[in-house]
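Inside the fold
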Amino acid sequence: MMRRSALALILAALLWSDPLHAQSGDVMLLADQVLVEQGGDTLVATGNVEALHEGTRLTASSIIYNRATNTLEIQGPIRITQPNGDVLTATQAQLDQGFQNGLLESARFVLDEQLQIASARAARVQGRYTAMSQVAATSCQVCGSDRPPLWAIRATRVVHDAEERQIYFDNAQLQVLGVPVFYIPRMRLPDPTLERARGFMIPELKTTTLLGFGIKLPYFIPIGDHADLRLTPYVSPITRTLEMRYRQAFRTGNITVNGAISQDNLKRGEARGLFFADGTFALPRNFRLSFDIEAVSDDAYLNDYNSDFKKDRLDSAVTLTRAQRDSFFSLGLIHYESLTDGENNATQPTIIGDLRYNRRHFPKQIGGEVRLGFQLHGHYRYSDTDIDGSDADTVVDGRDVGRANLDLSWRDRWTLPGGLRAGAVTQIWVDHFIVEQDAVAEGDYTEVTPAASLELRWPLVKKTSNGGRVLIEPIAQVGWIGGERSEVPNDESTRAEFDEGNLLSLSRFPAPDRRERGLIGAAGLRWMREDPEGWRASLVLGRVWRDDEDEAFSRSSGQDSIASDWLVAGQFAHQNGLQLLARGLYDTTESRFTKAEMRANVTLDRYALGASYILLTTDPAEDREDAQSQWRVDGRYNIDRNWTAKGSTRYDIAEGQFLNAGLGAEYRNECVAVDFSVSRSFASSTNLEPSTDFGLTVALTGFSTGGSGKEYRRSCSY
């Protein structure tokens with residue numbers, strides 16, 4: 001109702017011929033001209049009319065306010081902008097004072113700057129519902145009636161629920177370039193602003209040589225604000241599959257559960273499937289609990305269904321950890337299952353338990369740092385055989401091992417004249433082993449290993465004429481490891497690595513069942529450069545010498561002789577997106593690399609390319625009778641604003657064959673996203689079948705299920 005003070009303000013504004021500012025109830029009205037008709041029941045505002053109500057803004061050419069009926073008669077063009085950004089336009093309308101109820105003629109509703117809903121008439125109900133008749137809805141750019149959009153949904157009636165953020169269609173018809181292709185009597189879709197909505201998601205058409213042509217139709221079910229469930233039926237002539245994903249967020253963590261159950265013609269009469277779950281929780285006193293469960297019905301399931309979880313070794317684990325400034329604690333239990341043909345799970349270390357505790361102190365009396373480490377470890381094989389059977393390896397089939405390890409060390413660093421940096425380490429290990437089900441080595445073993453080392457570094461830093469910085473640092477170490485190696489079998493340190501991270505270590509074995517002995521020396525050179533033009537590079541060269549050969553090192557470890565292979569490692573990165581990483585062990589006696597790896601990446605706006613290479617020479621000690629040499633390449637190229645091409649391949653150079661290959665193409669514009677892919681997996685194991693997979697997904701953007709296409713919005717051209 002118009003207040004008397006507001007009427008006085010109106011009259012004053014008319015006398016001064018200025019634009020009117022009047023308040024009617026909760027509505028603020030602005031106009032070039034305002035007329036109060038005789039009797040004061042009707043107010044007529046014309047010329048650049050704006051009305052504001054609780055964040056909703058209305059613009060029109062004229063508004064007639066009737067105090068008796070408390071209604072607004074509005075002449076267009078009308079534009080109503082709601083607080084969330086949604087826009088409603090019309091040619092004329094009759095609304096109540098708060099814009100909550102009324103009718104609009106020739107209405108057009110725009111949601112989240114994407115979805116356009118045009119109708120002959122729209123009704124506003126309670127400020128929540130917008131009911132429209134004779135509707136055409138699309139998120140495509142509309143360029144005149146003679147140029148139909150790429151797709152549109154036509155319906156006799158559409159209701160938008162602003163509170164639930166849902167759109168309901170009656171007698172809906174999907175048209176592509178004006179041609180009807182699909183009809184459904186009733187349909188519900190989430191509007192673009194809703195992130196989690198119950199209903200069907202984007203279907204996927206999938207064709208594989210093993211399973212034939214099929215379709216996946218995901219259905220999403222939100223469960224409150226912190227959990228959801230996705231059910232995906234997958235149907236083809238070969239299989240009937242139901243996939244499931246459940247997610248839940250808690251105050252201190254989250255869990256994700258993925259599962260699938262299948263009935264197919266590949267294994268008739270058998271139920272097949274998978275179960276994968278993982279979660280992480282923050283516990284009191286800075287503890288962190290994480291778990292990971294992986295299980296499949298058979299070795300070939302992940303390959304047959306080209307699962308997102310495709311892998312050749314499953315690991316299920318539960319881990320409790322706590323990391324603090326001066327201490328670390330972890331307790332874990334892991335179960336492994338190999339899916340590779342030729343690996344017998346009964347003779348592999350399957351169940352592994354591990355407890356670790358590390359702490360460091362900084363004693364003021366002697367200076368430096370004191371480190372204390374303790375570990376309990378055990379691994380178990382299902383086999384009861386106490387000798388090596390007929391399998392390919394030379395390891396006792398049923399050997400079980402438990403060990404306790406104590407590590408105590410002191411270390412310190414000093415700066416000497418001339419910028420020389422010196423470091424010293426004294427260390428003692430106490431290791432106790434229990435070996436069972438081994439006909440040769442069954443029993444207990446105890447080793448006490450003292451060690452000491454002296455390290456020298458001479459960092460030389462130079463500033464170049466263009467403002468860059470260069471570091472050259474010669475490094476050297478001499479060390480001694482005492483004690484005698486017992487007859488404990490080598491069950492963990494069968495794969496020793498030599499890299500820039502352990503160049504100056506006192507032992508380069510990965511586990512305590514093997515430690516280096518005697519006098520050792522190491523030398524190397526580190527070079528780094530940072531250039532103001534936007535690139536940086538580094539290079540590490542290093543070598544290790546020992547007084548006696550150690551037969552526990554394998555041939556490809558690069559440390560099986562008195563003088564090790566040369567370690568060569570380098571990195572390069574440029575601000576234009578180029579990154580290079582390479583590492584290798586070079587054998588000077590045979591003039592070749594015994595082990596090498598490389599990774600290169602180029603990431604630009606227009607394209608991205610990644611390539612990796614790995615080389616492993618033959619090594620019977622590591623159960624590798626044939627050399628391994630593989631390339632892997634993957635990339636993306638943006639052909640134009642809408643088209644993107646993708647590809648990947650993995651090629652075995654040693655065998656002269658592809659392991660897998662894939663190509664894909666994606667098209668996106670403001671209203672549709674199409675993704676097509678084809679991949680070929682070449683079987684590398686006798687229990688797997690090669691397969692070719694085709695995938696196709698089509699998403700109508702502008703709805704919550706299809707994602708946003710605002711960044712692809714274009715203008716009409718004539």
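Rules of the game
- Residues numbered from 1 in each chain as written.
- Predicted model: local features only at pLDDT ≥ 70, side-chain atom pairs only at ≥ 80, totals over all residues.
- Heavy atoms only, no water.
- Helix = DSSP H or I, 4+ residues; strand = E, 2+ residues; numbered from the N terminus.
- Buried < 20%, exposed > 50% of the residue type's maximum accessible area, 1.4 Å probe, protein only.
- Disulfide = S-S within 2.5 Å.
- Polar contact = N/O pair within 3.5 Å; in protein donor to acceptor, adjacent residues only side chain to side chain.
- Phe/Tyr/Trp six-rings, centres within 6.5 Å; stacked < 30°, edge-to-face > 60°.
- Lys NZ or Arg CZ within 6 Å of the ring centre and 35° of its normal.
- Patch = residues over 30% accessible without salt bridge, like charges linked within 9 Å, V, L, I, M, F, W, Y side chains within 5 Å.
- Areas by Shrake-Rupley, 256 points an atom, 1.4 Å probe, with all protein chains shown as cover.
- Salt bridge = Lys/Arg side-chain N within 4 Å of Asp/Glu carboxyl O.
- Core = buried A, V, L, I, M, F, W, Y, C linked by side-chain atoms within 4.5 Å.
- Contact = heavy atoms within 4.5 Å.
- Pairing = 2+ DSSP bridges.
- Lys, Arg positive; Asp, Glu negative; His and termini not counted.
- Charge placed at Lys NZ, Arg CZ, Asp CG, Glu CD.
- pLDDT = per-residue confidence, 0-100.

Here we come to unusual backbone geometry. With omega at 5 degrees, the peptide bond leading from G76 into P77 counts as cis. Relative to the helices and strands, P77 resides in strand 6 (residues 71-81). With phi around 50 degrees, N48 is a residue other than glycine that occupies positive phi space. Take N48: it is sitting in strand 4 (residues 42-53). Look at N48 and you get exposed, because its relative accessible area is 61%. One non-glycine residue, Q134, adopts positive backbone phi at about 50 degrees. Mapped onto the fold, Q134 is located in strand 11 (residues 129-138).

Here we take up the state of the cysteines. Within the structure shown, the criterion is met by one disulfide. Bridging C140 to C671, the disulfide has an S-S length of 2.0 Å. The sign of the 85 degrees torsion about the S-S bond sets the C140-C671 disulfide as right-handed. Within this pair, whereas C140 is found in the loop between strand 11 and strand 12 (151-161), its partner C671 is found in the loop between strand 41 (657-668) and strand 42 (672-681), the two being separated by 531 residues in sequence.

Here T208 lies in strand 16 (residues 204-208). Looking at T208, its side chain comes within polar contact range of the main-chain nitrogen of L211, at 2.7 Å.

Right, let's talk about the packing of aromatic side chains for a bit. Aromatic ring pairs are reported here in terms of the distance separating the ring centres and the angle at which the planes meet. Applying the stated criterion across every chain yields a total of 14 aromatic pairs. Considering the side-chain rings of F509 and F553, the 4.2 Å spacing of their centres and the 10 degrees angle between planes classify their relative orientation as stacked. Taken together, the residues span a long stretch of sequence, with F509 in the loop between strand 32 (469-481) and strand 33 (518-531) and F553 in the loop between strand 34 (535-546) and strand 35 (566-574) at a distance of 44 residues. Each member of the pair, F509 together with F553, is buried. Taken together, the aromatic side chains of Y234, Y301 and Y305 make up a single cluster linked through ring pairs. One residue, K216, lies across the ring of Y234, its end atom 5.3 Å from the ring centre.

A separate point is a nonpolar patch on the surface. Residues L372, F374, L376, L406, L408, I428, V430 and V448 make up a contiguous nonpolar surface patch of about 580 Å² in total accessible area. Only strand 27 (369-380), strand 28 (400-415) and strand 29 (421-436) provide two or more residues apiece to the nonpolar patch. Counting residues per element, the nonpolar patch draws most heavily on strand 27, at three residues.

What follows deals with the nonpolar core. Core analysis: the biggest nonpolar cluster contains 42 residues, and L58, I63, I74, L104, I117 and F169 have the highest contact counts within it. A260, L274, F276 and Y301 belong to the second-largest nonpolar core, a separate cluster that totals 12 residues.

With that settled, the discussion passes to the pattern of salt bridges. Following the criterion strictly, the structure yields 44 salt bridges and no others. Between D315 and K311 there is a salt bridge, with its nearest N and O atoms 3.3 Å apart. Taking relative accessible area as the criterion, D315 reaches 23% and is therefore assigned partly exposed. Here R592 makes a salt bridge to E590, at a shortest N to O gap of 2.9 Å. Residue R592 is classed as partly exposed on the basis of its relative accessible area of 34%. Given a relative accessible area of 42%, E590 falls into the partly exposed group. One salt-bridge network, in which partners are shared between bridges, spans R325, D326, R360, E369 and R371.

A few words now on the environment of L302. Inspection of the secondary structure puts L302 in helix 2 (residues 301-304). When the C-alpha positions of L302 and L339 are compared, they lie 9.5 Å apart, and in sequence the two are 37 residues distant. Setting aside chain neighbours within four positions, we find L302 in contact with L274, F276, V296, S307, F309, K310, K311, L314 and L339.

Here the focus is the pairing of strand 13 (residues 166-176). Both strand 12 and strand 13 contribute to a ladder of nine bridges, which runs antiparallel. Across the sheet, the residue bridging to W151 is V176, located in strand 13. Counted along the chain from strand 12 to the antiparallel partner strand 13, the turn is four residues long, and its residue R165 has a positive phi close to 55 degrees. Here 10 bridges tie strand 13 to strand 14 (residues 179-190), and the two strands are oriented antiparallel to one another. Residue pairing for strand 14: I167 is matched across the bridge by L189. The loop that links strand 13 with its antiparallel partner strand 14 comprises two residues; one of these, L177, has a positive phi angle of about 55 degrees.

Here D491 lies in the loop between strand 32 and strand 33. Taking the relative accessible area as the measure of exposure, D491 reaches 12% and is therefore buried. A distance of 3.1 Å separates the side chain of D491 from the side chain of R381, its partner in a polar contact. Discounting residues that sit within four places of it in the chain, D491 has contacts with H379, R381, V395, R399, V401 and D513.

So, on to a negative patch on the surface. Judged by side-chain charge, D386, E436, E442 and D444 come together as a negatively charged surface patch. Note that D386 resides in the loop between strand 27 and strand 28. Overall, the relative accessible area of 34% leaves D386 in the partly exposed class.

Turning our eyes to something else, we now look at the pairing of strand 36 (residues 578-587). As judged from the eight bridges shared by strand 35 and strand 36, these two strands associate in the antiparallel manner. Each bridged residue has a counterpart across the sheet, and for V568 the counterpart in strand 36 is G584. In textbook terms, the turn of a hairpin is the stretch between consecutive antiparallel strands, and for strand 35 and strand 36 this stretch comprises three residues, one of which, G577, has a positive phi near 105 degrees. Pairing analysis gives 10 bridges linking strand 36 to strand 37 (residues 592-603), with the strands arranged antiparallel. Each residue of the ladder has a partner; that of D587, found in strand 37, is R592. In this antiparallel pair of consecutive strands, strand 36 and strand 37, the connection spans four residues, and S591 shows a positive phi of 55 degrees.

Our next topic: the confidence of the model for the protein chain. Put simply, the protein chain has an average pLDDT of 88, and 93% of its residues get 70 or more. This model gives residues 1-25 a pLDDT under 50, and the stretch forms 39 contacts once residues within four places in sequence are excluded.

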